[in-house]
Amino acid sequence: MVRRRSQPWIHQWSRPIIGAIATIGFLLTSYLTISKLLGSEVACGVETAATTGCSDVLSSPYAFVFGLPLSLFGAIAYLAMAGFALAPLAIDPEENKKLRNKYEDWTWLFLLIGATAMSLFSGYLMYILFAKIGGVCLYCITSATFSVAFLILTLLGRFWDDWGEVLLTVFVVGIITALGTLGLYNSIERNIQSNIPVFNDQGQELITPAPNRAPQPPTGWEITTTSGPAEIALAEHLTAIGAKEYGAYWCPHCYDQKQLFGKEAFAAVNYIECAPDGANAQPEVCSAAGLEGFPTWEINGERYSGTQSLSRLAELSGYEGPTEFKYALPR
């Protein structure tokens, strides 16, 4: 009697594991996509370090492709991987073994192609994250880990009849992915270096995030936007009613707030520098205030955390002057 070879556990569970990881990845990227499209903040925890946090990374020009959040394309990729992994499991092998085997063969090929492309693309995104942006984004790192897990599970999750064909597939897909990725991000790099302005549907120019280089004390990144009459009038109104902004020169969100006002208007804002090595620093005032993060606005006895749009500041402060503000926050 011929004894059947036992099947390794990874061959039995590779598809369910891939499907589970892909489902988690789909939910994660869907959350990021919906948050970006609705303009709401992504949950990243309190960001008080000088390094760029996940919300800044996800708002950078590198996080958008063809004007859409990169997470949207990630959600589509995860959904496809979940479908390829789980679809054959819906076919009962007792009823139609031939059809199931056919579906498994085809979907393993698609899983190999998808896992290879996602791994290489994620690897390049990790290069951008650490070398270009210089930040920490747990969502990005988690997604890259998922992609590598897909490739490992796909390669080890079945008996491949011809490893030469497998390696050829990985090589061809890798070349195509690398060329496409480099072409795409070279275009994005050119736009960043050319400083091409982008406007929202109200005609306001979207401010660009803090530069990749580290902020230098005592003032941090230079304000590059110029103020209009509305920005200057709002800044003077806020100061007149005793409003204060607490911030730190190294804080990317504080830089966003400065960019919204512009150089001339921000000079009129009652700004309190909390970093000890910042210009005109008042760390003792910030410490006594018990702040939870930067920037924090204090208006009419109430506090508001995070970067505020100028229209929001106008509403909170009872401002009644001109409201043709030039700049807006990127989604």
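Residues numbered from 1 in each chain as written. Predicted model: local features only at pLDDT ≥ 70, side-chain atom pairs only at ≥ 80, totals over all residues. Heavy atoms only, no water.

Some words on the pattern of salt bridges
Link 1 in the chain: Counted under the stated rule, the structure contains five salt bridges.
Link 2 in the chain: For Arg100, the salt bridge is made with Glu104, and the minimal N-O distance between the two is 3.2 Å. Of this pair, Arg100 and Glu104 are both found in helix α4 (residues 97-133), four residues apart, which corresponds to roughly one turn of the helix. (Salt bridge = Lys/Arg side-chain N within 4 Å of Asp/Glu carboxyl O. Helix = DSSP H or I, 4+ residues; strand = E, 2+ residues; numbered from the N terminus.)

Concerning the pairing of strand β7 (residues 302-305)
Link 1 in the chain: As paired strands, strand β6 (residues 296-299) and β7 are joined by four bridges and run antiparallel to one another. Counted as the bridge partner of Thr296 is Ser305 from β7.
Link 2 in the chain: Between β6 and the antiparallel strand that follows it, β7, lie two residues; Asn300 among them carries a positive phi value of about 50°. (Pairing = 2+ DSSP bridges.)

Here we look at the confidence of the model for the chain
A low pLDDT means the predicted coordinates there should not be read in detail.
Link 1 in the chain: Confidence in the prediction of the chain, expressed as mean pLDDT, is 88, and 91% of residues score 70 or more.
Link 2 in the chain: Contacts for the low-pLDDT stretch residues 46-51, under 50 throughout, to residues beyond four places or in other chains number 10 contacts. (pLDDT = per-residue confidence, 0-100. Contact = heavy atoms within 4.5 Å.)

Thoughts on a nonpolar patch on the surface
Link 1 in the chain: On the surface, Leu168, Phe171, Val172, Ile175, Ile176 and Leu179 cluster together to form a nonpolar patch covering roughly 620 Å² of accessible area.
Link 2 in the chain: Tracing the backbone shows Phe171 in helix α6 (residues 163-194). (Patch = residues over 30% accessible without salt bridge, like charges linked within 9 Å, V, L, I, M, F, W, Y side chains within 5 Å. Areas by Shrake-Rupley, 256 points an atom, 1.4 Å probe, with all protein chains shown as cover.)

Focus on the sheet that holds strand β5 (residues 271-273)
Link 1 in the chain: Taken in spatial order, the four strands make up an open sheet running β5-β4-β6-β7, and their pairing is mixed. Only two strands of the sheet have a single neighbouring strand rather than two, namely β5 and β7. Sheet twist, expressed as the average angle between the axes of neighbouring strands with direction ignored, equals 20°.
Link 2 in the chain: In this sheet, β6 lies alongside strand β4 (residues 244-247) in antiparallel orientation, the contact comprising three bridges. By the bridge assignment, Tyr246 is partnered in β6 with Thr296. (Axes fitted to C-alpha atoms, helices over the stretch in contact; angles between N-to-C directions.)

A closer look at the nonpolar core
Link 1 in the chain: Core analysis: the biggest nonpolar cluster contains 22 residues, and Leu234, Leu238, Phe261 and Leu313 have the highest contact counts within it.
Link 2 in the chain: Those elements giving two or more residues to this core turn out to be α7 (229-240), α8 (252-261), α9 (263-266), β6 and α11 (310-317).
Link 3 in the chain: Setting aside anything within four residues of it in sequence, one finds Leu313 in contact with Leu234, Leu238, Gln257, Phe261, Trp297, Ile299 and Gln308.
Link 4 in the chain: Residues Val65, Ile128, Cys137 and Cys140 belong to the second largest nonpolar core, which totals 19 residues. (Core = buried A, V, L, I, M, F, W, Y, C linked by side-chain atoms within 4.5 Å. Buried < 20%, exposed > 50% of the residue type's maximum accessible area, 1.4 Å probe, protein only.)

Things to note about α8
Link 1 in the chain: Taking burial as the measure, the 10 residues of α8 include 10 buried ones, the bulk of the element.
Link 2 in the chain: The set of residues buried in α8 consists of Pro252, His253, Cys254, Tyr255, Asp256, Gln257, Lys258, Gln259, Leu260 and Phe261.

Remarks on the state of the cysteines
Link 1 in the chain: Counting across every chain of the model gives two disulfides.
Link 2 in the chain: One disulfide bridge connects Cys137 with Cys140, the sulfur atoms lying 2.5 Å from each other. Measuring handedness by torsion sign, the sulfur bridge of Cys137 and Cys140 sits at about 70° and is right-handed. Accessibility classification places Cys137 together with Cys140 in one group, the buried group.
Link 3 in the chain: There is a disulfide in this structure between Cys274 and Cys286, and the S-S distance comes to 1.9 Å. Because the sign of the S-S torsion sets the handedness, a value of about -80° for the bond joining Cys274 and Cys286 places this disulfide among the left-handed ones. In this pair, Cys274 is assigned in the loop between β5 and α10 (283-289) and Cys286 in helix α10, connecting sequence segments 12 residues apart. The burial state of Cys274 is the same as that of Cys286; both residues are buried. (Disulfide = S-S within 2.5 Å.)

Topic: the packing of aromatic side chains
Link 1 in the chain: Enumeration over the complete set of coordinates arrives at 15 aromatic pairs.
Link 2 in the chain: With a centroid separation of 6.4 Å and an interplanar angle of 25°, the aromatic rings of Tyr62 and Tyr185 are classed as stacked. Of this pair, Tyr62 sits in the loop between α2 (54-57) and β1 (64-65) while Tyr185 sits in helix α6, placing them 123 residues apart in sequence.
Link 3 in the chain: Consider the rings of Tyr124 and Tyr127, whose centres lie 5.6 Å apart with planes at 45°: the pair is tilted. On the criterion of helical spacing, the pair formed by Tyr124 and Tyr127 is a turn pair, its members being three residues apart in helix α4. (Phe/Tyr/Trp six-rings, centres within 6.5 Å; stacked < 30°, edge-to-face > 60°.)

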